[in-house]
Amino acid sequence: MMWTTTLLLLLLPQLLSSTPKHLAEGHLVDTEKSTHYKQSEEVSEDFPEAPVKEPTAAGGVRGRDTCSIPCDITVKLLRDEKHSVCGQLQQSLLAFGRSTRKLIRDVMEEQQRALDILGSQVTELMTKVQTLSSEVQRSNTEMYSVKPVQSHGRDCSDIKDTLMSVVPKIPSGIYIVHPENMDTSFEVFCEMDYMGGGWTVMQRRNDGLTDFKRSWSDYVDGFGNLAGEHWLGLKKVFHIVNQKDTRFQLHIALTSHNDITAYASYDDFHLDSETDFFSIHLGRYAGSAGDAFRGYEQEQNQDTAPFSASDVDNDGCNPFCTIENRTVESCSSQYNHTGWWFNQCGLANLNGSPDNVEQSHGHWTNILWDTWRQNGVPHTIKSVTMKIRRIVTNN
Ligand SMILES: [Ca+2]
């Protein structure tokens, strides 16, 4: 005990002189501060302009033997250095943030400019498309005289007879007709070039763009686009062909998918009134496509048959027919819900579709004129028109 006290007394002055001031004042050099110091030392390598520390300073904290500079100065220097490095880091970070924001802004502005250019290009293209569309429409209008020609007549034959003496060439197109004994006038497409002209078109199928799956009332009133596919309407046709002192012929022109043409012509054609479901009456046949209206056997004969539609059944299948080993209750339903003068269903249905599809969901959808064949196989028909014209009579 005695020698320990003596030793402490001997060492005390030396201990007091080497103790850092802040320790003497009650401060602690904690591990956090040591860590800061080490970090500062490491950072200073990355920033050459920062004051370089004498390595001995570290030793100064740890051991009194190498502490040549007073420790409080060392700590102050280190703190200053830390502040300087932190300041520089902060500046760098700020600068980096600023340049990043600028970069993003620039990229966004560039993309916006690109989008603006694309937008204006799209607008320009749309304008061009619209211009082209209106040009096409205009040329169609000119080609087919979609705007009705302001010359009236009872039907296209009547108009042709009237205009023939005053116009050198009568154009095909849409005309206004007003048959005898009818309250109103309506538009029709007149073919003025085909076989001498004067034809009133009562049906046309050529591109499949018009839906022919229609109800009775549509087939009575007519539908479609007169310049393209259409069904003029049973009522209008009835009034045209039932005018006083007139007789009409019916001409059916067919084109196959391999562009072969054929026709069927009937030298008399008229319809009964709506009370009798617009039953069809046909005269003598002439042509190259065969008489599909009458077919080969009496039960196929559609001449004098009333008209049927999907909602009005006059098809002679009552309660049903057996066709190609199939039980058919409604010919209209079986033939894709089209309207026609079906009779058990018969060999003709010109309201079928021009699409080259043999069957669709068990229905027969094609344009049917079954007597027009090649090597025993019916032609696939891609277009058809039915048109009527006055027959010159002596009385
Ligand atoms: Ca039936």
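Residues numbered from 1 in each chain as written. Predicted model: local features only at pLDDT ≥ 70, side-chain atom pairs only at ≥ 80, totals over all residues.

- In the annotation of an unreviewed UniProt entry, the protein is listed under the name Angiopoietin like 5 and assigned to Cynoglossus semilaevis.
- UniProt annotates the protein under Subcellular location (unreviewed entry) with the comment "Secreted". (UniProt positions renumbered as here; feature names shortened; annotations may be inferred.)

## Concerning the overall build of the protein
- Counting its secondary structure elements, the protein contains nine helices and 18 strands.
- Taking all 395 residues of the protein together, 32% fall into the buried category.
- Across the protein, the fraction of contacts at a sequence separation of at least 24, relative to all contacts at a separation of at least 6, is 56%. (Helix = DSSP H or I, 4+ residues; strand = E, 2+ residues; numbered from the N terminus. Buried ≥ 20, exposed ≤ 12 C-beta atoms within 10 Å, placed from the backbone. Contact = placed C-beta atoms within 7 Å.)

## Quick look at the environment of Asn351
- Tracing the backbone through its elements, the reader meets Asn351 in the loop between strand 14 (348-349) and strand 15 (368-369).
- Distance from Asn351 to Asp211, taken between C-alpha atoms, is 9.8 Å for residues 140 residues apart in sequence.
- With sequence-adjacent residues up to four places away left out, Asn351 is seen in contact with Phe212, Thr338, Gly339 and Trp340.

## Points about the pairing of strand 4 (residues 199-205)
- In terms of burial, strand 4 is largely enclosed, as seven of its seven residues are buried.
- With two bridges connecting them, strand 3 (residues 186-191) and strand 4 associate as antiparallel partners. Its bridge partner lying in strand 4, Glu191 is registered against Trp199.
- Across two bridges, strand 4 lies against strand 6 (residues 230-231) in antiparallel orientation. Following the sheet pairing, Gln203 is matched in strand 6 by Trp231. (Pairing = 2+ DSSP bridges.)

## Observations concerning helix 8 (residues 234-241)
- For helix 8, the tally of buried residues reaches six of eight residues, placing the bulk of the element in the interior.
- Among all positions in helix 8, only Leu234, Lys236, Val237, His239, Ile240 and Val241 are buried.
- Structurally, helix 8 contributes buried residues whose contacts are with strand 3, strand 4, helix 7 (216-221), strand 7 (248-256), strand 9 (269-271) and strand 18 (381-390).

## A look at the nonpolar core
- Ranked by size, the top nonpolar core spans 62 residues in total, and within it Val188, Cys190, Ile252, Leu254, Trp369, Val384 and Ile388 carry the most contacts.
- Not counting the four nearest positions on each side in its chain, Val188 is found in contact with Cys156, Tyr175, Val177, Thr200, Val201, Leu226 and Leu232. (Core = buried A, V, L, I, M, F, W, Y, C linked by C-beta atoms within 7 Å.)

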